[in-house]
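These are the residues of each chain, in order.
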Amino acid sequence: MKLLLLPNTEKPNIYACVRKLLSLHFEQPVEFWMDERFVPFFPECPLLHTGEIGVLMKECDICIVIGGDGTIIHGGKLAARHHKPVLGINLGHLGFLATLESDQLEHLGYLLTGEYTTEERMMLSVTLVTPSGSRHWEAMNDAVLSKGGPEGHMVELQVLARGRPVGSYRADGLIFSTPTGSTAYSLSAGGPIIDPSLECIAMTPLSPHSLFSRPILFDDQNCLCVYPVGSGNAYLTIDGEESVSIGPQDRLYIEKSDLFVHLINLTGKSFYDVLNEKLIWRSRK
């Protein structure tokens, strides 16, 4: 089995975790692969097979992402383009998307015996159309339209669903999230927790001017169109990774992506087990 490692080299314990992975004993042959760009970070790991990430991604069987939720999101989107399943190992604070903690690596043997399940996670297709052209992204967590900086004025955003008006929102912004992203930024803004087996788009206002502005769930067949009203610009952020200015002449289209992230579950824990363990239980400490 060919396992492609996608590590976050900024995590303090990443070297020890990779060394432990390479020292594990498996009952069947296993090859550990890694992007050649990471070689300088792991100089004493001769068991690694390295190469160009695009080639490795096509040839591997499973992607193992080592880091926090942000690392898993980034790696998950990359793996989704090649239809590869993803296993997350948590080296972050919360690790809501991770299957294993760094002290549970012995469970990796289940990958060879097939004693695991996969969970299909919906993504968003986000397209920005401007007078000068268009850009496209995939979002595993969310697409956020917000005001510019902490001192910026609130924005007014017009939202349409299937070409028909939903409403005009004066707020610090709007969060459009997947069910996976419902436990991230959307949750902190008062959005609902959504079972990831559902397929829908959640819209959560950020500090809305109106008391009657509440989250809305759109079905997965909807195509949403969003744009700022007036002379001000809004700023689009995809999964917290990139910020792009959007003006009144631009149109942002948000819909369900054709791609899915397939997360491997080695422990058998349900979404609600993880929810209680990592969100509800920790909040009581």
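For the structure itself, look to the data block above.
Here's what I pulled together on the structure shown here. (Residues numbered from 1 in each chain as written. Predicted model: local features only at pLDDT ≥ 70, side-chain atom pairs only at ≥ 80, totals over all residues. Heavy atoms only, no water.)

Some words on the overall build of the protein chain
Filter applied, for reference: Strands here are runs of E lasting at least two residues and helices are runs of H or I lasting at least four, both read from the DSSP assignment and numbered beginning at the N terminus. Only C-alpha atoms enter the radius of gyration, while the globule expectation follows 2.2 Å times N to the 0.38, with N the number of residues. Throughout, a contact is declared for two residues whenever any of their heavy atoms are within 4.5 Å. Where accessible areas are quoted, they stem from the Shrake-Rupley method and a 1.4 Å probe; at the residue level, only the protein chains shown are allowed to cover. Two residue types count as positive, namely Lys and Arg, and two as negative, namely Asp and Glu; His and chain ends fall outside the count. Lys charges are placed at NZ, Arg charges at CZ, Asp charges at CG and Glu charges at CD.
When helices and strands are counted, the protein chain shows six helices and 18 strands. On C-alpha atoms alone, the protein chain measures out to a radius of gyration of 20 Å, which is about the 19 Å that the 2.2 N^0.38 rule sets for 285 residues. Principal-axis analysis of the C-alpha atoms places the extent of the protein chain at approximately 60 × 45 × 35 Å. In the protein chain, of all internal contacts separated by at least 6 residues, the share reaching a separation of at least 24 is 67%. Of the roughly 13900 Å² of accessible surface on the protein chain, 51% is carried by carbon and sulfur atoms. Charged side chains in the protein chain number 23 positive and 33 negative. The centres of these two groups are separated by 5 Å.

A look at the layout of surface pockets
Condition: As defined here, a cavity is a set of points on a 1 Å grid over the protein atoms alone where a 1.4 Å probe fits but cannot get out. A pocket is an open set with protein on both sides within 12 Å along at least five of seven lines, and residues line them when an atom is within 4 Å of a point. Grid points are joined across faces, edges and corners, and a volume is the space filled by probe spheres set on the points.
Of the voids in this model, the largest pocket is the one considered here, and its volume is about 430 Å³. For the lining of the largest pocket, the secondary structure elements donating two or more residues are β6 (100-101), β7 (117-130), β18 (251-265) and α6 (271-283). Estimates place the volume of the second largest pocket at around 240 Å³. Taken together, 13 residues form the lining of the second largest pocket, with Asp-69, Gly-70, Ile-73, Asn-141 and Ala-184 sitting closest to its centre.

Remarks on helix α3 (residues 69-81)
Here is the rule: What a helix should span is 1.5 Å times the count of its residues minus one. Accessibility here uses a 1.4 Å probe with only protein chains present; expressed as a share of the type maximum, an area under 20% marks a residue as buried, one over 50% as exposed, and anything in between as partly exposed.
For α3, with 13 residues, the first-to-last C-alpha span of 19 Å sits near the 18 Å given by 1.5 Å per residue. Within α3, the full set of buried residues consists of Thr-71, Ile-72, Ile-73, Gly-75, Gly-76, Lys-77, Ala-79 and Ala-80. His-83 lies just past α3 and shows a positive phi near 60°.

Details of the nonpolar core
As a reminder of what qualifies: Residues enter a nonpolar core if they are buried and are Ala, Val, Leu, Ile, Met, Phe, Trp, Tyr or Cys, with the set joined through side-chain atoms within 4.5 Å.
Of all hydrophobic cores here, the largest spans 28 residues; its most connected members are Val-126, Leu-145, Phe-176, Val-226, Leu-236, Leu-252 and Ile-254. Look past the residues within four positions of Phe-176 in its chain and what remains in contact with it is Leu-124, Asn-141, Asp-142, Ala-143, Val-159, Ala-202, Met-203, Leu-224, Val-226 and Ile-254.

Re empty space enclosed by the protein
Following the criterion strictly, the structure yields one cavity of 30 Å³ or more and no others. Quantified by volume, the largest cavity comes out at close to 30 Å³. Around the largest cavity, the lining residues are Phe-96, Arg-121, Pro-179, Thr-180, Thr-183, Pro-196 and Phe-271.

Re the environment of Glu-106
Note that Glu-106 resides in the loop between β6 and α4 (110-113). Classification of Glu-106 as exposed rests on a relative accessible area of 52%. Separated by 32 residues in sequence, Glu-106 and His-74 place their C-alpha atoms 25 Å apart.

Side note on the sheet that holds strand β9 (residues 142-146)
Pairing between sheet strands relies on hydrogen bonds along the backbone, with the strands arranged either parallel or antiparallel. Definition in use: The pairing criterion is simple: DSSP has to find at least two bridges between the two strands. Only the stretch in contact is used when a helix axis is fitted, and all axes are lines through C-alpha atoms; the angle between N-to-C directions ranges over 0 to 180 degrees.
The sheet built from six strands is open, its strands ordered β14-β13-β12-β9-β16-β17 with antiparallel pairing. Lying at the two open borders of the sheet, with one neighbouring strand each, are β14 (216-219) and β17 (243-246). Strand-to-strand, the axes of this sheet are offset by a mean angle of 20°, without reference to chain direction. Pairing of strand β16 (residues 234-238) with β17 involves four bridges; the strand directions are antiparallel.

Some thoughts on the side chain of Asn-141
Counting through the fold element by element, Asn-141 comes out in the loop between β8 (133-139) and β9. Residues contacting Asn-141, with those up to four places away along its chain left out, are Ile-73, Phe-176, Ser-177, Thr-178, Thr-180, Gly-181, Ala-184 and Asp-239.

Some remarks on the pattern of salt bridges
What counts is decided by this rule: We define a salt bridge as a contact between a side-chain nitrogen of Lys or Arg and a carboxyl oxygen of Asp or Glu at a distance within 4 Å.
Here the structure, examined in full by the defined rule, presents nine salt bridges. The residue Glu-241 makes a salt bridge to Lys-77 at a minimum N-O spacing of 3.5 Å. Here Glu-241, found in the loop between β16 and β17, pairs with Lys-77, found in helix α3; they are 164 residues apart in sequence, far enough to count as distant. Take Lys-77: its relative accessible area is 7%, and that puts it in the buried class. One salt bridge in this structure joins Asp-220 and Lys-256, with 3.2 Å as the shortest N-O distance. Here Lys-256 lies in strand β18 and Asp-220 lies in the loop between β14 and β15 (223-228), a separation of 36 residues in the sequence. Using a relative accessible area of 18% as the deciding quantity, one classes Asp-220 as buried. Owing to a relative accessible area of 22%, Lys-256 belongs among the partly exposed residues under this scheme. In the salt-bridge network here, residues are joined through shared partners; they are Lys-77, Asp-239 and Glu-241.

Function-wise, these values are silent; they only describe arrangement.
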